Amino acid sequence: MATITQHAPGTFCWPELSTSDQAAARTFYTSLFGWTVQETPIGEGETYTMLFRADQPVGALYRASAEERAQGVPPHWNSYVAVASADEAAAKAKQLGGKILVEPFDVMEHGRMAIIQDPTGAAFCVWQAKQHIGAGVLNETGSLCWTELMTTDTDRAGQFYASLFGWKGASMPIAGGPSAGSPYTVFNRGEQMAGGMMPIPKQSPGTPSNWLIYYQVENCDKSAARAAELGAKVQVPPTDIPNVGRFSVLQDPQGAYFGILAYPSA
């Protein structure tokens, strides 16, 4: 397992679940992925659950804030992008037509962040690392391996992220699954893939723009079946992506969506 000590700007570096039932979500995800946890007090009787693969952090979960609960925000995974300056990224996003949902603020000694909504409505976070870089491992079994934007306007979203993070987009038709034939954009950060983008599927009219995270698994079918046993709903059954692997989209027992992805065995 290769340990990461720094994330380059423009890298999805941290997945974080906001949930309605922290204990139940912890049980679900640790049972599904074999993660261990570390609870950190964050005040007012609340804790922040760090999720670990071996001894490396791969994500976190917490009980939705009072503000989120009051606004009726459903359980969801937050996606964090590494940046050199959270303040500069937020200011630039605003200039590009984004909306600052939460202005830049310090997370104790760990880092500085902001929550941003792109011009098509998808929310994401930016993370300026201090003592906490984010995930200590990526692209390995049990860790974040892909982050994908489903949007109502791929042209506008593509221009926004290209200008904000310097990503370069390369489009191709989707080869499999319910959105076969639709354009799929791979965002590249230099020679590294940063994430993907696709239009909201025609089968899901009215779905708002959103970022979806994927965790890498060894066997997509077995992991999807295990998730269902644990109370998840299989929204997209295990499906092959030619020349990539096999994926499934799931909804955890509290309602948060996430994906799993298995690459072909060597």
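It should be noted that the structure appears before, not after, this text.
Thresholds applied
- Residues numbered from 1 in each chain as written.
- Predicted model: local features only at pLDDT ≥ 70, side-chain atom pairs only at ≥ 80, totals over all residues.
- Heavy atoms only, no water.
- Salt bridge = Lys/Arg side-chain N within 4 Å of Asp/Glu carboxyl O.
- Helix = DSSP H or I, 4+ residues; strand = E, 2+ residues; numbered from the N terminus.
- Buried < 20%, exposed > 50% of the residue type's maximum accessible area, 1.4 Å probe, protein only.
- Pairing = 2+ DSSP bridges.
- Axes fitted to C-alpha atoms, helices over the stretch in contact; angles between N-to-C directions.
- Contact = heavy atoms within 4.5 Å.
- 1 Å grid on protein atoms, 1.4 Å probe; cavity = no way out; pocket = protein on both sides within 12 Å on 5 of 7 lines; lining within 4 Å.
- Points joined across faces, edges and corners; volume = space filled by probe spheres on them.
- Nonpolar A, V, L, I, M, F, W, Y, C, P; charged D, E, K, R; others polar.
- Left-handed = near helix turned anticlockwise from the far one by under 90°.

For the rest of this paragraph, the subject is the pattern of salt bridges. Applying the stated criterion across every chain yields a total of nine salt bridges. The salt bridge involving Glu39 is made with Arg26; its shortest N-O contact spans 2.8 Å. Taken together, the residues Glu39 in strand 2 (residues 36-43) and Arg26 in helix 1 (residues 22-33) connect sequence positions 13 residues apart. Given a relative accessible area of 31%, Glu39 falls into the partly exposed group. By relative accessible area, which is 25% here, Arg26 ends up partly exposed. Two residues, Arg226 and Glu229, come together in a salt bridge whose shortest N-O distance is 3.4 Å. In this pair, Arg226 and Glu229 are both assigned in helix 5 (residues 220-229), three residues apart and thus about one turn of the helix distant.

The next subject is the sheet that holds strand 10 (residues 168-173). With mixed pairing, eight strands are arranged side by side in an open sheet as 10-11-12-9-13-16-15-14. In the strand order of this sheet, the two ends are held by strand 10 and strand 14 (233-241), each with one partner. This sheet shows a mean twist of 25° between the axes of neighbouring strands, independent of strand direction. In terms of strand pairing, strand 13 (residues 210-216) meets strand 16 (residues 257-262) through three bridges, oriented parallel. Among the inter-strand pairings, Tyr215 is bridged to a residue of strand 16, identified as Ile260. Packed on one face of the sheet, helix 1 meets strand 13 and strand 16 and runs near 5° to strand 16. The strands that helix 5 touches are strand 14, strand 15 (245-251) and strand 16; relative to strand 15, the one it contacts most, it runs at about 10°.

A volume near 150 Å³ is recorded for the second largest pocket. Lining of the second largest pocket is provided by 15 residues; of these, Thr154, Asp155, Ser171, Thr185 and Met197 occupy positions nearest its centre. Counting residues per element, the ones that place at least two in the lining of the second largest pocket are helix 4 (154-165), strand 10, strand 11 (183-189) and strand 12 (192-199). Split by residue class, the lining of the second largest pocket holds eight nonpolar, five polar and two charged.

Another aspect to go through is the packing of helix 3 (residues 86-95) against helix 4. Helix packing for two helices is described by the angle between their axes and how far apart those axes are. Helix 4 packs onto helix 3 with a crossing angle of 145° between their chain directions and a minimal axis gap of 10 Å. Between helix 3 and helix 4 lies a crossing whose hand is right-handed. Every residue of helix 4 that contacts helix 3 at Ala89, Lys92 and Ala93 is listed here: Phe160, Ser163 and Leu164. Of the residues belonging to the contact of helix 3 with helix 4, the class tally is four nonpolar, one polar and one charged.

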